[in-house]
Amino acid sequence: MSLLARLAADPGADAGSWITEHITEIMELAGTHGAVLVRGLSLIDRAAAVAAIRAVIGEGMAEREGFAPRACHEPGVYSSTHWPSDQPQCMHNELSYAAKVPGLLAFACVTPPGSGGVTGLADAAAVLRDLPAELVERFEQHGWRLTRSYNPLVGTAWQEAFGTTDRAEVEGYCAENGLTADWRPDGTLSTAQTRSAVLAHPVTGERLWFNQIAFLNEWTMEPAVREFLVAEFGPDGLPFNTVCGDGSPLDTATVDLINEVYEKHTVREPWQRGDLMVVDNLRLAHSREPYQGDREIVVGMGRPFRP
């Protein structure tokens, strides 16, 4: 069974009305397959894309702890993360490092790229089945740990990531959501959190590889970028890095293996103007491939869930 079901919209139909009329079918297909691509909607501009996403996700979920900047169009509706167009975003489940994650994602294409820029999808259950048993057992036993160093030069400033300029609010958020927070003398912030690497789907009970162990690891960075960041901030000052939950580091072979298994279970569909893709964020990881030209994808997060 394909991970990505397809629906054709009625030509010329109002996008919001068409989605509202077909929302039950859209959600059923996403539940069966993991994702559904609606093609043919008239999403003539960003406002139309935002309205289409709102029709899917409803109230939406505010992002906290984002690892890269993005513009907020409406509560729960954002631009894609501002990430260099020539560098990939490897497979990950959105916000899988947070205490509260979106169960549902919606992507709407306003401007397709000239080339590349695919949002790939990977089957989290199949990835879990194909990873070596000893690796899965290790991470299932100990979880995975994400460390972050917020600085004004790379990634997201802590004020943007936490949506506040009040240190006390940040500390309260961290305490409530299982993060340790360390303020440095220069005013920068370092955090750490340990999360489960394997999740049982709340509806199906299926076991899923649900994390960002490989994507946010230092060995997934371009070597020149990693070398620059280590030289500039030190090995403990990288904007993000991952280790096993027991503190043991990952080597390049392990990170490469995880990414290779993701690749084995990835499906791709090039973006077309007006595309709407609805994704179960628990069942499917997603990526963003390098691209050329302009590219505008509006993103919505909904159905907040605490693993």
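Scroll up a little and you will see the structure.
Residues numbered from 1 in each chain as written. Predicted model: local features only at pLDDT ≥ 70, side-chain atom pairs only at ≥ 80, totals over all residues. Heavy atoms only, no water.

Caption draft 1: A look at helix 1 (residues 15-33). Taking 1.5 Å of rise per residue, 19 residues should cover 27 Å, yet helix 1 covers just 23 Å from first to last C-alpha, more than 12% shy of that figure. The sharpest bend along helix 1 reaches about 65° and sits at histidine 22. Within the span of helix 1, buried status applies to Ala15, Trp18, Ile19, His22, Ile26, Met27, Ala30 and His33. Where helix 1 is buried, its residues touch strand 1 (4-8), strand 2 (35-39), helix 2 (46-57), strand 6 (101-111), strand 16 (276-280) and strand 19 (296-305). You can read the cap of helix 1 off the contacts: a side-chain oxygen lies 3.4 Å from the backbone nitrogen of glycine 16, and it is on aspartate 14. Backbone geometry just downstream of helix 1 places glycine 34 in the positive-phi region, at approximately 110°. (Helix = DSSP H or I, 4+ residues; strand = E, 2+ residues; numbered from the N terminus. Expected span 1.5 Å × (residues − 1). Bend = angle between axes of the 7 residues up to and from the residue. Buried < 20%, exposed > 50% of the residue type's maximum accessible area, 1.4 Å probe, protein only. Contact = heavy atoms within 4.5 Å. Polar contact = N/O pair within 3.5 Å; in protein donor to acceptor, adjacent residues only side chain to side chain.)

Caption draft 2: A look at the pattern of salt bridges. What the rule picks out here adds up to 12 salt bridges. Between glutamate 269 and arginine 39 there is a salt bridge, and its shortest N-O distance comes to 3.0 Å. Here glutamate 269, found in the loop between strand 15 (266-267) and strand 16, pairs with arginine 39, found in strand 2; they are 230 residues apart in sequence, far enough to count as distant. For glutamate 218, the salt bridge goes to arginine 226, with nearest N and O atoms at 2.9 Å. A relative accessible area of 14% places glutamate 218 in the buried class. In this structure, a network of salt bridges that share partners links the residues Arg6, Arg39, Glu269 and Asp275. (Salt bridge = Lys/Arg side-chain N within 4 Å of Asp/Glu carboxyl O.)

Caption draft 3: Spatial organisation of the sheet that holds strand 10 (residues 180-183). Across the sheet, which stays open at both edges, the 4 strands sit in the order 10-11-9-14 with antiparallel pairing between neighbours. Each of the sheet's edge strands pairs with one partner strand only, and the pair in question is strand 10 and strand 14 (240-244). Strand-to-strand twist across the sheet, computed as the mean angle between neighbouring axes with direction ignored, equals 15°. This element, helix 4 (residues 133-142), spans strand 9 (144-150), strand 11 (189-195) and strand 14 of the sheet and lies at about 100° to strand 14. Contacts between helix 6 (residues 167-177) and the sheet are confined to strand 10 and strand 11, with strand 10 contributing the most and set at about 150° to the helix. (Pairing = 2+ DSSP bridges. Axes fitted to C-alpha atoms, helices over the stretch in contact; angles between N-to-C directions.)

Caption draft 4: Broad picture of the pairing of strand 10. Bridge analysis of strand 10 against strand 11 gives 4 bridges, and the strand direction is antiparallel. Paired with tryptophan 183 across the strands is leucine 189, a residue of strand 11. Counting the residues in the hairpin turn of strand 10 and strand 11 gives 5 residues, including glycine 187, whose phi is positive at 90°.

Caption draft 5: Structural context of the packing of helix 1 against helix 2. Where helix 1 meets helix 2, the axes come as close as 9 Å, and the angle between the chain directions of the two elements is 35°. Two packed elements cross with a definite hand, and for helix 1 against helix 2 that hand is right-handed. Two secondary-structure elements touch here, helix 1 through Gly16, Ile19, Thr20, Ile23 and Met27 and helix 2 through Ala52, Ala55 and Val56. Partitioned by chemical class, the residues of the contact of helix 1 with helix 2 number 6 nonpolar, 2 polar and no charged. (Left-handed = near helix turned anticlockwise from the far one by under 90°. Nonpolar A, V, L, I, M, F, W, Y, C, P; charged D, E, K, R; others polar.)

Caption draft 6: Layout of the sheet that holds strand 15. Strands sit in the order 5-17-8-15 across an open sheet of 4 strands; the sheet is antiparallel. Single-partner strands in this sheet number two, and they are strand 5 (89-92) and strand 15. Examined bridge by bridge, strand 5 and strand 17 (residues 284-288) share 2 bridges and lie antiparallel to one another. Bridge pairing links glutamine 89 to arginine 288 in strand 17.

Caption draft 7: Summary view of the nonpolar core. Core analysis: the largest hydrophobic core is formed by 52 residues, its most contacted members being Phe139 and Trp209. Residue contributions to this core peak at 4 residues, all from helix 8 (residues 252-264). When sequence neighbours within four positions are dropped, the list of residues in contact with tryptophan 209 reads Asn93, Ala124, Val127, Leu128, Leu131, Leu135, Phe139, Ala197, Val198, Ile258 and Tyr262. In terms of nonpolar packing, the next biggest core, distinct from the first, is built from 27 residues, Leu7, Ala9, Met27 and Ala52 among them. (Core = buried A, V, L, I, M, F, W, Y, C linked by side-chain atoms within 4.5 Å.)

Caption draft 8: Local environment of the side chain of histidine 201. Secondary-structure assignment places histidine 201 in the loop between strand 12 (198-200) and strand 13 (207-209). The buried category is assigned to histidine 201, whose relative accessible area is 7%. Here threonine 204 takes part through its backbone nitrogen, which lies 3.4 Å from a polar atom of the side chain of histidine 201. Each residue touching histidine 201, except ones within four places of it in the same chain, is listed here: Glu206, Leu208, Asp280, Leu282 and Arg283.

Caption draft 9: The arrangement of the packing of aromatic side chains in detail. In total, this model carries 8 aromatic pairs according to the counting rule given. Their ring planes at 85° and their centres at 5.7 Å tell us that phenylalanine 67 and tryptophan 83 sit as a pair that is edge-to-face. In this pair, phenylalanine 67 sits in the loop between helix 2 and strand 3 (72-74) while tryptophan 83 sits in the loop between strand 4 (77-79) and strand 5, placing the two residues 16 residues apart along the sequence. Centroid distance phenylalanine 139 to tryptophan 209: 6.0 Å. Interplanar angle 90°. Geometry classified as edge-to-face. Of this pair, phenylalanine 139 sits in helix 4 while tryptophan 209 is found in strand 13, placing the two residues 70 residues apart along the sequence. Pair check on accessibility: phenylalanine 139 and tryptophan 209 agree, each one buried. Three or more aromatic residues joined by ring pairs form one cluster here, namely Phe67, Trp83, Phe215 and Phe240. Sitting above the plane of the tryptophan 183 ring, arginine 167 keeps its charged end 4.5 Å from the centroid. The cationic tip of arginine 295 hangs over the ring face of tyrosine 291; the distance from NZ or CZ to the ring centre is 5.6 Å. (Phe/Tyr/Trp six-rings, centres within 6.5 Å; stacked < 30°, edge-to-face > 60°. Lys NZ or Arg CZ within 6 Å of the ring centre and 35° of its normal.)

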